[in-house]
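# Residue-level structural notes
If you want the building blocks of each chain, they are given just below.
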Amino acid sequence: MRILLLIITFFLINFCRGQKVDIIPQPVSVQKGGGSFTLSSNTVIAVRDEGDRKAAEFLNAYLQEVYGFKLDIDKQEGKNYIRLYTRKFIKAPDKDAYSLYVSGEGVNIEGDTYAGTFHGIQSLIQLLPPTDVRGLMKRADGKSVVTLAVPSVAIQDYPRFKYRGMHLDVARHMFPVSFIKKYIDYLALHKMNYFHWHLTDDQGWRIEIKKYPELMTTGAYRNGTIIGRFPGKGNDNTRYGGFYTQEEVREIVRYAADRHITVMPEIEMPGHASAAIAAYPWLSCFPNKPTVITRNTPATGGNQGIKRVQETWGVFEDVFCAGNDSTFMFLEGVMEEVLALFPSRYIHVGGDECPKAHWKICPKCQGRIKEEGLKDEHQLQSYFIQRMEKYLNSRDRVLVGWDEILEGGLAPNAVVMSWRGEAGGITAARQKHDVIMTPQKPVYFDHTQTRTEDSVTIGGYNPLEAVYAYDPVPAELKPEEAKYIMGAQANLWTEYIKYPSRVEYMVFPRMSALSEVLWTPKEKKNWQDFERRLPVQLKRYELWRAHYSNAYLGLAASVTPSPNNTGVLWKISTQHKTARITVQRGPSAPATAYTKPLAVTASGTYQAQLVYNGSTISSMQQKFDVNKATGKKITLKSAPSPTYPGDGAFTLVNGIVNETGLDNPKDFLGFNGSDMEAVIDLGKPQKINSARLYFLRLPDSWIYRPSSVRYYTSSDGKNFESVISASNGAITERYHELSFSPRTARYVKVVAKNHGSIPQGNEGAGKDSWLFVDEIQVK
């Protein structure tokens, strides 16, 4: 038995001695030594005070969970030690720096603040071997036989940004307290310091407010949830909901504080208020007006009254009445209890996506506009936010809101979260307001990590590489403006994320990339080196028993024009270093080795496989519809919206017809309130007799069919002749096609007219509609 124990110990030590320093996020400075320190169950964690003891307890909990043993905590360090010492002469979070030294005798971690010392613990954890040793036998005295070699290093480190955050929406789908704690641990392990907890929305109220009990009995539950992707394929008719008690909230806030993470609550206002209004209809401009139910998603009857908690996703017109003082009394009553639970200096009030339709016809709201000398409903929203800000400021808190709070005038002391791109953040910084960057591209982690995602998502595509490449400080800002960028965060909205395992899958490994964006000095970031360190990080996820996406090691594909615009090329790639790629030109075609981009010359479904050790570990397929326009030169009169740019004009002639809607938005060009005009150069004069334009129709998402489509032909690209047929084509649910007498032409022009303003009685009434187009075919 003694020989076996020696063999196990020798194996573990020697397995680990050659390990590299693969810390994520990359520290400011790392100097490697030549030896190592052997950490075992006999090692003592030496602490100076209770502040350092909390960091020691976190390390102990990690060692117990991952390696099966924990250490004694003492004030004496001896010769086999991990020494924690906080200097405390720099106020957090100005620096939160730490130093970490590993020698043969032990580990020294010194922090400028308790948070700095705690961050040093996270780097020490990443120096431990990513090897699962749970289950190894123990000695007769119960001590673990596991010994861990920690490489000798000298690290000096501090964060780039003072705000490093992750968001989690629990209004759409709720998660147990145990998982909220685990999520906070994930943040701590990545040196994040803010947890943005989205607690209320149209689909549920998730925090106990004792003054208003109907928020829990009514607002916290919906009578059903849509099935599938919005607008849905029906309703599951299953009551869903719940809320966190105030004691549970206190427990989570304490748990986070012990990990030097601030929990910032979000209580939505003035929009996204359906759950609160269902509980207290008098909060609405029109208390007796029934909740509008989306046509595609009939709600269950249930036991709710005239107002309902929403059972689908989207933006809804029933919002808090801004003209009624009782609305503000209610919100201040809510906030009174919220502030008692959350010591965070920052309190998020939402402020996003607030329709103004009800305010425009509400006598009380119009009276408020007149009484306050406001210009319009946008200034009424500014009044609403500023009134809440004054309340929060009076209690020494700072209001945070999404970038819509800029509309109508920004509240004097507000912090702006810029989510609709970076424009809002740039505007706020130039007005000398603090800014937290959180643009949909690339830090909405509910967007897919791969173009071949086979489960339902909100849409969008934010791969790992895009997250890592992000810089929260826009190049447009001058140095004196850039100082207002506090940092950034990633958002995880949970419409299509029901289970904790799915949360993990969506955030990992993107959280690791974001942590390096927010912590590491800009000049130290290096994608190639991050790639080198990533496989070790994936092993750590496995040690944590966390789910994660391996899309980064799967197949990726892109379509480009072939040389001379004679067609398209299907390009396949993988980050997997040892697997090989095979391709097929159809389901029954033989598989051949992939050596270069595949020329797509005929319509059909093309397939690719990633093969490792004789087994297919990843596969993908792409359907192409090749026609005379495929791969040809194409120009647009006006650029699409930067929100939906696709692959530029080439998107319309890449041979791919979108068959999954907004699950793959990159297949579309989106035009908001404007027309689409494209000219295709067929390369030479040739006979044609039909043309077809594909588009998307999704009124509940403000996306409408074109009001008309016209085709023109030309031989010189300058003088175009309109193509007319008896029927002039027909606009179907998915495309417009026009057949005509054969004619010879080199150029084809397609003009699709935008639907215009959204009609009353529909989602987004009065707003500009979207025109989404994805392919033009010429035959």
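Everything that follows concerns the structure shown earlier in this document.
As a starting point, this report considers the structure included with it.

About the thresholds
- Residues numbered from 1 in each chain as written.
- Predicted model: local features only at pLDDT ≥ 70, side-chain atom pairs only at ≥ 80, totals over all residues.
- Heavy atoms only, no water.
- Pairing = 2+ DSSP bridges.
- Helix = DSSP H or I, 4+ residues; strand = E, 2+ residues; numbered from the N terminus.
- Axes fitted to C-alpha atoms, helices over the stretch in contact; angles between N-to-C directions.
- Phe/Tyr/Trp six-rings, centres within 6.5 Å; stacked < 30°, edge-to-face > 60°.
- Buried < 20%, exposed > 50% of the residue type's maximum accessible area, 1.4 Å probe, protein only.
- Lys NZ or Arg CZ within 6 Å of the ring centre and 35° of its normal.
- 1 Å grid on protein atoms, 1.4 Å probe; cavity = no way out; pocket = protein on both sides within 12 Å on 5 of 7 lines; lining within 4 Å.
- Points joined across faces, edges and corners; volume = space filled by probe spheres on them.
- Parallel < 35°, antiparallel > 145°, perpendicular 65-115°, else oblique.
- Left-handed = near helix turned anticlockwise from the far one by under 90°.
- Contact = heavy atoms within 4.5 Å.
- Nonpolar A, V, L, I, M, F, W, Y, C, P; charged D, E, K, R; others polar.

## A closer look at the sheet that holds strand β16 (residues 398-402)
Taken in spatial order, the 8 strands line up as β8-β9-β14-β15-β16-β17-β18-β19 and close into a barrel, and their pairing is parallel. The mean inter-strand angle of the sheet, taken between neighbouring strand axes irrespective of direction, is 30°. Bridge count between strand β8 (residues 163-169) and strand β9 (residues 194-198): 5 bridges; the pairing is parallel. Each bridged residue has a counterpart across the sheet, and for H167 the counterpart in β9 is H196.

## Topic: the packing of aromatic side chains
One pass over the full model with this rule turns up 40 aromatic pairs. With a centroid separation of 6.1 Å and 85° between ring planes, the pair formed by F328 and Y383 is classed as edge-to-face. Here the residue F328 occupies a position in helix α8 (residues 325-341), and Y383 occupies one in helix α11 (residues 377-394), the gap between them amounting to 55 residues. Note on accessibility: F328 and Y383 belong to one class, buried. A centroid spacing of 6.2 Å and a plane angle of 75° characterise the contact between W570 and F624, whose relative ring orientation is edge-to-face. Taken as a pair, W570 in strand β21 (residues 568-574) and F624 in strand β26 (residues 615-624) lie far apart in primary sequence, 54 residues in all. Residue class for F624 comes out buried when judged on its relative accessible area of 2%. A network of ring pairs unites the aromatic residues F175, F179, Y183, F195, W197, Y244 and F342 as a single cluster. Against the face of W519 rests K191, its NZ or CZ located 5.6 Å from the ring centre. Cation over ring: R259 sits above Y255, and NZ or CZ is 3.5 Å from the ring centre.

## Topic: the sheet that holds strand β23 (residues 592-593)
Across the sheet, 4 strands lie side by side as β23-β22-β25-β26; this open sheet has antiparallel pairing. A strand with exactly one partner marks an edge of an open sheet, and here the two such strands are β23 and β26. Where strand β22 (residues 580-584) and strand β25 (residues 604-612) come together, 5 bridges link them in antiparallel fashion. When the bridges of β25 are listed, T582 appears paired with Q609.

## Some remarks on the layout of surface pockets
Within this model, the second largest pocket holds a volume of roughly 910 Å³. In this structure, the second largest pocket is lined by 33 residues; those nearest its centre are R451, Q621, Q622, N664 and D667. Of all the secondary-structure elements, those providing two or more residues to the lining of the second largest pocket are β20 (555-561) and β26. Sort the elements by how many residues they give to the lining of the second largest pocket and β26 lands first, with 6 residues.

## A few points about unusual backbone geometry
In this structure, P25 follows I24 across a cis peptide bond, with omega equal to 5°. Here P25 lies in the loop between α1 (2-17) and β1 (29-39). A cis geometry characterises the amide bond from K441 onward to P442, with omega recorded as 15°. By the element assignment, P442 lies in helix α13 (residues 440-443). One non-glycine residue with positive phi stands out, namely R545, at about 60°. One non-glycine residue, N564, lies in positive phi territory at about 65°. One can find N564 in the loop between β20 and β21.

## Looking at the packing of α8 against α11
As a packed pair, α8 and α11 sit with axes 11 Å apart at the nearest point and diverge in direction by 40°. The angle between the axes of α8 and α11 places the two elements in the oblique class. α11 is crossed by α8, and the crossing has right-handed handedness. Touching D325, T327, F328, L331, E332, M335, E336 and L339 of α8 are Y383, F384, R387, M388, Y391 and L392, all from α11. Looking at the contact of α8 with α11 residue by residue, the class counts come to 9 nonpolar, 1 polar and 4 charged.

## A look at the packing of helix α4 (residues 177-189) against helix α6 (residues 246-257)
At a minimum axis separation of 10 Å, α4 and α6 run at an interaxial angle of 20°. Taken together, the axes of α4 and α6 lie roughly parallel to each other. Considering only the axes of α4 and α6, their crossing is right-handed. Contact residues: V177, I180, K181, I184 and D185 in α4; E248, E251, I252, Y255 and A256 in α6. Residue composition of the contact of α4 with α6, grouped by class: 6 nonpolar, no polar and 4 charged.

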